[in-house]
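A look at the structure
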Amino acid sequence: MIPCPTNHEAGVLSFRHAKMEARREELCRSMVGWYLRSLGFGVFGCLMMLDMAKASPAVRLQFDIMEGGKPVEISPSGITRMDFLISEISLKPVGGDWVTGEDWFAWISAGEPRLTANTEGSPAGEFERMRFRVGLKPEIDKGDTAQWPPGHALHPDVNHMHWGWRSGYVHMAIEGWRNGSAFSYHLAGDDESMWVEMPVKFRGGGPVTLKIEVDLGLILEGRDPAREANATHSREGDGMAVELKRKARGAFRVTGVTYDLFQVPEVTADAVAPLPPGTKAYQMEVTQRFPQITLPADNPLTEQGVALGRRLFSDPILSVNESLSCASCHHESAAFSDPRRVSLGALGQSGTRHSMPLFNLAWAHEGLFWDGRAKNLREQVLMPITDPNEMGETLENVMGKIRNDDAYLSEFAGAFGEEGVTEQTLAKALEQFLITRISQDSKFDRAVRKQAELTEQEKLGLSLFVTEHDPSRGLRGADCFHCHGGTLFTDNRFHNNGLTLEEWDIGRMKVSGDPADRGKFKTPSLRNIDLTAPYMHDGRFATLEEVVEHYNSGVERAETLDPNLAKHPSGGLGLSEEEKAALVAFLKTLTDSTFNEESNNNNQAASSPPQPAP
């Protein structure tokens with residue numbers, strides 16, 4: 001996946017029947033606009049956000065350039081270039097006529113990489129086919145390139161697909177080496193522009209990602225530059241160009257539909273470690289509604305590394321008596337938390353705190369555990385192994401057990417190459433697996449995407465959730481969003497939330513030594529909150545109703561109490577039974593029913609089944 005291009009880069013799909021302006025006005029009056037206004041954006045802020053939404057795509061084409069069932073890797077000794085231009089995207093409604101975006105252009109490149117094409121808006125309704133032109137219609141192909149602004153897909157300095165010495169663009173360029181011989185295949189000119197049409201079933205009117213596979217192996221099938229002409233530039237009478245065009249037209253197929261738009265993970269450094277030899281990059285899809293995700297540069301996600309981490313997470317070999325695994329205290333059915341108030345260690349001893357749920361950890365940069373004693377995820381994953389209250393093992397013993405297991409030796413070699421089995425690769429594998437645990441498809445998310453609607457009770461709960469409680473200004477709310485705001489429903493920071501403390505458990509202060517941190521604990525995400533009972537750092541509350549009542553009337557005053565709670569009247573919020581029930585109802589809309597090993601294995605939330613090949 002690659003960064004989302006701007007409108008100039010990807011073009012704008014202006015469907016005649018989309019009624020975008022009406023939809024924008026509707027959105028401003030919708031639950032999302034209400035949510036923004038409740039957060040303090042006001043009407044101006046809502047319109048500002050809508051203007052930003054207007055520039056963001058509602059349909060995205062996500063291209064996978066494949067050969068032999070694997071993603072094409074650009075290399076000096078193999079494929080060195082695979083680029084093509086596309087234009088005039090069209091969608092066919094069920095039983096209707098084609099709807100076309102005539103002024104839409106995109107440049108796709110495996111080398112950049114630049115593998116997405118975005119549109120703005122789509123008509124509502126059910127669609128059954130899509131098509132686009134690979135290349136450009138003649139008047140655009142032969143037009144003045146000076147008309148295209150910097151950054152546009154057709155600007156020659158962007159795509160490098162324009163013939164410098166003659167009129168027109170290269171529609172598709174494939175270059176590289178085969179059998180020790182170089183080749184350069186360029187399709188261009190009016191005769192080599194081609195329409196690609198594919199069946200695809202999806203509903204429009206909201207964000208959609210259409211995954212399209214391009215089979216480079218099919219295009220190059222039968223080509224051997226060592227025995228035949230090693231170049232074509234689409235000159236008149238060039239039979240090779242005709243044959244390549246025929247195969248290219250049939251090389252596209254839709255492989256999946258996802259009702260969301262996804263971002264591209266960033267990394268923590270400019271220099272990104274290469275994938276270990278023989279590994280395949282793990283394709284993680286993270287909604288654009290979440291903050292930009294940042295991944296470790298020295299631990300690129302691979303299918304092999306994630307699979308190894310998943311196995312280690314569930315293997316009791318990590319514990320002293322091989323009776324306890326990470327999964328023993330982080331149950332997948334409970335959003336990777338523990339239904340018990342406190343977990344039990346390998347020797348049956350009781351722990352001291354409730355096991356936190358494990359998802360969306362890629363954003364937990366302020367520290368992990370309830371007291372933040374682990375600086376990052378890679379440090380955190382090893383701590384339970386050596387904790388005497390948990391697994392009670394030594395890393396040295398764990399390394400010995402893994403090295404005596406032939407299957408593990410093979411899997412570590414497959415995931416990390418020559419690094420093999422080390423404490424560092426053990427931590428890296430677990431880190432990779434946990435980073436991929438993304439929860440992003442609750443009823444609330446579907447409502448934001450206009451694929452579901454909150455009930456009146458849930459809407460009341462949302463209103464209370466995002467409204468300040470300030471009687472002096474006539475504001476009546478639950479004031480939850482200060483610590484649980486944003487799309488992650490956590491600020492990933494530490495707060496004293498007014499709990500009566502055990503004398504020994506002083507929270508963050510135990511780590512920092514700062515008295516100002518007394519009683520402060522990590523803010524957990526409210527996503528999946530209906531699955532992660534019991535609640536708080538010590539599991540003291542068994543139900544959501546008890547949690548709501550704590551904030552309504554049970555907050556204990558303390559010097560380090562969070563100001564957003566301390567500012568409330570001493571008698572509490574005074575929410576009615578109806579309001580408390582509404583708040584609980586809204587919290588339950590944050591449950592992600594797709595978040596489990598089987599249906600979320602690739603983090604493709606809200607996906608429909610792959611479409612058949614045309």
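For the structure, check the block above.
The following paragraphs examine the structure supplied in this document. (Residues numbered from 1 in each chain as written. Predicted model: local features only at pLDDT ≥ 70, side-chain atom pairs only at ≥ 80, totals over all residues. Heavy atoms only, no water.)

**Concerning the overall build of the protein chain**
Convention followed: The way it works is that DSSP assigns letters per residue, a run of H or I at least four long becomes a helix, a run of E at least two long becomes a strand, and they are numbered from the N terminus. Note on exposure labels: buried denotes an accessible area under 20% of the residue type's maximum, exposed denotes more than 50%, and partly exposed covers the range between, all computed with a 1.4 Å probe on protein chains only. Contacts: residue pairs with any heavy atoms within 4.5 Å of one another. Here the accessible surface of atoms and residues is derived via Shrake-Rupley with a 1.4 Å probe, and residues count as covered only by protein chains that are part of the display.
Assigned secondary structure in the protein chain consists of 22 helices and 20 strands. Counting every position in the protein chain, which comprises 614 residues, the buried fraction comes to 53%. Long-range pairs, those at least 24 residues apart, make up 73% of the contacts in the protein chain with a sequence separation of at least 6. Roughly 26500 Å² of accessible area belongs to the protein chain as shown, and the carbon and sulfur atoms make up 52% of that amount.

**Notes on the environment of K588**
Structurally, K588 can be placed in helix α22 (residues 577-588). For the pair K588 and I529, spaced 59 residues apart in sequence, the C-alpha to C-alpha distance is 6.9 Å. Sequence-distant contacts of K588, defined by excluding residues within four places in its chain, comprise D530 and L544.

**Some points on the nonpolar core**
To keep things clear, this is the line we draw: Buried Ala, Val, Leu, Ile, Met, Phe, Trp, Tyr and Cys residues form a nonpolar core when they are joined through side-chain atoms within 4.5 Å.
Grouped together as the largest cluster of nonpolar side chains are 52 residues, with contacts concentrated most on M284, L312, L318, I402 and L426. For this core, the elements supplying multiple residues, two or more each, are α9 (303-313), α10 (326-329), α13 (395-403), α14 (406-416) and α15 (423-435). With 7 residues, α15 is the largest single contributor of residues to this core. Beyond its immediate stretch of four places on either side in the chain, I402 contacts L312, I317, Y408, L409, F412, V421 and L426.

**Quick notes on the pattern of salt bridges**
The condition that has to hold: Salt bridge, as used here, is a side-chain nitrogen of Lys or Arg placed within 4 Å of a carboxyl oxygen of Asp or Glu.
Going through the model one piece at a time under the given rule, you end up with 41 salt bridges. Across the pair D260 and R449 runs a salt bridge, and its minimum N-O distance is 3.6 Å. Of this pair, D260 sits in the loop between β13 (252-258) and β14 (262-263) while R449 sits in the loop between α16 (443-448) and α17 (456-465), placing them 189 residues apart in sequence. The class of D260 is buried, set by a relative accessible area of 4%. When the shortest N-O distance is used, the salt bridge between R353 and D371 registers 3.0 Å. Residue R353 is found in the loop between α10 and α11 (377-380), and its partner D371 is found in the loop between α10 and α11; the two are separated by 18 residues along the sequence.

**Looking at the packing of α17 against α22**
How we decide: What counts as an axis is a line fitted to C-alpha atoms, over the stretch in contact for a helix, and the angles between N-to-C directions run from 0 to 180 degrees. Every angle not falling under 35 degrees, over 145, or within 65 to 115 is termed oblique; those three ranges are roughly parallel, roughly antiparallel and roughly perpendicular. Classification convention: Asp, Glu, Lys, Arg as charged; Ala, Val, Leu, Ile, Met, Phe, Trp, Tyr, Cys, Pro as nonpolar; all other residues, Gly among them, as polar.
Here α17 crosses α22 at 95°, and the two axes come no closer than 7 Å. Taken together, the axis directions place α17 and α22 in an arrangement best described as roughly perpendicular. Mapping the contact onto sequence places Q457, E458, L460, G461, L462, L464 and F465 in α17 and E578, E579, A581, A582, L583, A585, F586 and L587 in α22. For the contact of α17 with α22, the residue count by class is 10 nonpolar, 2 polar and 3 charged.

**Re the packing of aromatic side chains**
The relative placement of two aromatic rings is captured by the distance of their centres and the angle of their planes. Here is the rule we go by: Here is the rule: rings of Phe, Tyr and Trp (six-membered ring for Trp) pair when centre to centre is within 6.5 Å. Planes less than 30 degrees apart are stacked, more than 60 are edge-to-face, and the remainder are tilted. Counted as over-ring charges are cases with an Arg CZ or a Lys NZ within 6 Å of the ring centre that also lie within 35 degrees of the ring normal.
All told, the structure shown has 19 aromatic pairs when counted by the stated rule. A centroid spacing of 5.5 Å and a plane angle of 65° characterise the contact between F105 and W148, whose relative ring orientation is edge-to-face. Taken together, the residues span a long stretch of sequence, with F105 in strand β5 (residues 105-109) and W148 in the loop between α5 (138-141) and α6 (156-159) at a distance of 43 residues. Judged by its relative accessible area of 6%, F105 falls in the buried class. Since its relative accessible area comes to 11%, W148 is described here as buried. Aromatic pair F313 and F336: ring centres 5.8 Å apart, planes at 70°, arrangement edge-to-face. Of this pair, F313 sits in helix α9 while F336 sits in the loop between α10 and α11; the two residues are 23 residues apart in sequence, bridging distant segments of the chain. Taking relative accessible area as the criterion, F313 reaches 3% and is therefore assigned buried. Since its relative accessible area comes to 3%, F336 is described here as buried. The rings of F313, F336, F359, F433 and F595 are connected pair by pair, giving a single aromatic cluster. One residue, R373, lies across the ring of F369, its end atom 3.8 Å from the ring centre.

**Brief notes about the state of the cysteines**
To keep it simple, the criterion reads: When two cysteine sulfur atoms lie within 2.5 Å, the pair is treated as a disulfide.
Counted under the stated rule, the structure contains 0 disulfides. No disulfide involves C480; its nearest neighbouring cysteine sulfur is the one of C483, lying 9.4 Å away. Take C483: its relative accessible area is 16%, and that puts it in the buried class.

**Section: α13**
Keep this limit in mind: The directions considered for the arc are those from the helix axis to the C-beta atoms.
Inspection of α13 places L395, V398, M399, K401 and I402 among the buried residues, and these make up the whole buried set. Taken around the axis of α13, the buried residues stretch over an arc of 165°, which confines them to a single face. Where α13 is buried, its residues contact α9, α12 (383-386), α14 and α15.

**Re unusual backbone geometry**
The step from E112 to P113 runs through a cis peptide bond, and the omega angle for that step is -10°. Considering the arrangement of structural elements, one finds P113 in the loop between β5 and β6 (116-119). With an omega of 0°, the peptide bond between A533 and P534 qualifies as cis. Relative to the elements of secondary structure, P534 occurs in the loop between β19 (521-522) and α20 (544-554). Residue H160 is not a glycine yet carries a positive backbone phi of 55°. In this structure, H160 sits in the loop between α6 and β8 (170-178). We classify H160 as exposed; its relative accessible area is 53%.

**Some words on helix α8 (residues 239-249)**
Note on helix geometry: an α-helix contains 3.6 residues per turn, so any two residues three or four positions apart are oriented the same way. What counts is decided by this rule: Throughout this description, a polar contact denotes any pair of N or O atoms lying within 3.5 Å of each other; where both atoms belong to protein, one of them has to be capable of donating a hydrogen while the other can accept it, and for residues adjacent in sequence the pair is counted only when both atoms sit in side chains.
When α8 is considered as a whole, its buried residues turn out to be M240, A241, L244, K245, K247 and A248. Capping the start of α8, D238 holds a side-chain oxygen 3.0 Å from the backbone nitrogen of M240, two or three residues further along.

**Quick notes on the pairing of strand β7 (residues 125-134)**
Heads up, the condition is: Any two strands with at least two DSSP bridges between them are considered paired.
Pairing geometry for strand β3 (residues 79-93) and β7, over 6 bridges, is antiparallel. Across the sheet, L91 pairs through a bridge with M130, a residue of β7. One ladder, built from 9 bridges, connects β7 with strand β10 (residues 194-204); its direction is antiparallel. Residue pairing across strands places V134 opposite M194, the latter belonging to β10.

**Observations concerning the pairing of β8**
Most of β8 is tucked away: 7 of the 9 residues are buried. Sheet topology note: the β3/β8 ladder contains 5 bridges and is antiparallel. Paired with F84 across the bridge in β8 is M172. Both β8 and strand β9 (residues 181-188) contribute to a ladder of 8 bridges, which runs antiparallel. For A173, the partnering residue across the bridge sits in β9 and is H186. Hairpin remark: β8 followed by β9, antiparallel, with 2 residues in the connecting loop; positive phi at N179, about 55°.

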